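Remarks on the overall topology
As a plain string of letters, each chain reads:
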Amino acid sequence: QVQLVESGGGLVQAGGSLRLSCAISGHTFSRYAMAWFRQAPGKEREFVATINWSGGNTYYANSVKGRSTISRDNAKNTVYLQMNSLKPEDTAVYYCAADPRVLLGPEYAYWGQGTQVTVSS
């Protein structure tokens, strides 16, 4: 059973930064592509970023490109999302996801419970 646990969310002022973490257990972390999605109230879950198993390939949504960096530490079974220059529209629940494939949609096989990010203006 693959389990993903996110952490690092919180309340931050516009222009600030946060680093989200997602720890995976229950399977070989290095075999999975990892991704971050987010869902704001009343909106559909949307793709934020993804990273392949080696960390050599990353993809970002246009809404966060240039402000966010996804990375992974396979020795620690953890993926990160560093978010800078945060905006109120970044407010959402952020979810970590895992799948053997690199996907840009929500078809990931495994999901975490989410962590709340709130950006105040």
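Structure: see above.
Residues numbered from 1 in each chain as written. Predicted model: local features only at pLDDT ≥ 70, side-chain atom pairs only at ≥ 80, totals over all residues. Heavy atoms only, no water.

**Regarding the nonpolar core**
What counts is decided by this rule: The nonpolar core is taken to be a set of buried Ala, Val, Leu, Ile, Met, Phe, Trp, Tyr and Cys residues, with the residues joined through side-chain atoms within 4.5 Å. A simple rule labels every residue: compare its accessible area, found with a 1.4 Å probe on the protein chains alone, to the largest value its type can have, and call it buried under 20%, exposed over 50%, or partly exposed in between. Numbering goes from the N terminus for both helices and strands, where a helix is a DSSP run of H or I of at least four residues and a strand is a run of E of at least two. It only takes one pair of heavy atoms within 4.5 Å for two residues to be counted as in contact.
If you look at the biggest cluster of nonpolar residues, it comprises 33 residues, and the most contacted ones within it are Leu 4, Met 34, Trp 36, Val 79, Leu 81, Met 83 and Tyr 94. Those elements giving two or more residues to this core turn out to be strand 3 (18-25), strand 4 (33-39), strand 5 (46-51), strand 8 (78-83), strand 9 (92-99) and strand 11 (115-120). A total of 5 residues in this core trace back to one element, the largest contributor, which is strand 9. Beyond its immediate chain neighbours, meaning those up to four positions away, Leu 81 contacts Leu 18, Arg 19, Leu 20, Trp 36, Val 48, Ala 49, Ser 68, Thr 69, Ile 70 and Tyr 94.

**A closer look at the packing of aromatic side chains**
Any pair of aromatic rings gets described here by the distance separating the centres and the angle formed by the planes. Put simply, the rule reads: Whether two aromatic rings pair depends on their centres lying within 6.5 Å, for rings of Phe, Tyr and Trp, where Trp uses its six-membered ring; planes under 30 degrees apart make the pair stacked, over 60 edge-to-face, and the rest tilted.
Throughout the structure, instances matching the rule amount to 5 aromatic pairs. When the ring of Phe 37 is compared with that of Phe 47, the centres are 5.7 Å apart and the planes differ by 75°; the resulting orientation is edge-to-face. A residue pair is termed long-range when its members are at least 10 positions apart, and Phe 37 in strand 4 and Phe 47 in strand 5 qualify at 10 residues. Owing to a relative accessible area of 1%, Phe 37 belongs among the buried residues under this scheme. A relative accessible area of 13% means that Phe 47 is categorised as buried.

**Examining the state of the cysteines**
So the rule is basically this: When two cysteine sulfur atoms are found within 2.5 Å, that pair is recorded as a disulfide.
Inspection of the entire model under this criterion finds 1 disulfide. Cys 22 shares a disulfide with Cys 96; S-S distance 2.1 Å. Residues Cys 22 and Cys 96 share a disulfide whose torsion about the S-S bond is about -80°; that sign makes it left-handed. Of this pair, Cys 22 sits in strand 3 while Cys 96 sits in strand 9, and the two are 74 residues apart along the sequence. No difference in accessibility class separates Cys 22 from Cys 96, as the two residues are buried.

**As for the pairing of strand 1 (residues 3-7)**
Formally: A pair of strands counts as paired when DSSP detects no fewer than two bridges linking them.
The alternating pattern of strand 1 places Leu 4 and Glu 6 on a buried face, while none of Gln 3, Val 5 and Ser 7, on the opposite face, is buried. Direction of pairing for strand 1 relative to strand 3: antiparallel, over a ladder of 5 bridges. In the strand pairing of strand 3, Leu 4 is matched with Ile 24.

**Some details on a nonpolar patch on the surface**
Note the threshold: Without a salt bridge and with relative accessible area above 30%, a residue can belong to a patch; like charges are then joined within 9 Å and nonpolar side chains (Val, Leu, Ile, Met, Phe, Trp, Tyr) within 5 Å. Computed with a 1.4 Å probe, the accessible areas rest on the Shrake-Rupley method; for each residue, only the protein chains presented here act as cover. The rule for a salt bridge is simple: a side-chain nitrogen of Lys or Arg has to be within 4 Å of a carboxyl oxygen of Asp or Glu.
On the surface, a nonpolar cluster with roughly 280 Å² of combined accessible area is contributed by Tyr 59, Val 102 and Leu 104. For Leu 104, the location among the structural elements is in the loop between strand 9 and strand 10 (110-111).

**Observations regarding the pattern of salt bridges**
Per the stated rule, a full pass over the model turns up 4 salt bridges. Of the charged contacts, one joins Arg 38 and Glu 46 as a salt bridge, the two residues approaching to 2.5 Å between their closest N and O atoms. Among the salt bridges present, the one from Arg 38 reaches Asp 90, with a minimum N-O distance of 2.9 Å. With Arg 38 in strand 4 and Asp 90 in the loop between strand 8 and strand 9, this residue pair connects regions lying 52 residues apart in the sequence. Taken together, the shared-partner salt bridges in this structure form one network comprising Arg 38, Glu 46, Arg 67 and Asp 90.

**Some details on the side chain of Asp 99**
Of note, Asp 99 is situated in strand 9. Judged by its relative accessible area of 2%, Asp 99 falls in the buried class. Once you skip the residues sitting within four places of it in the chain, Asp 99 turns out to touch Tyr 32, Ala 33, Glu 107, Tyr 108 and Ala 109.

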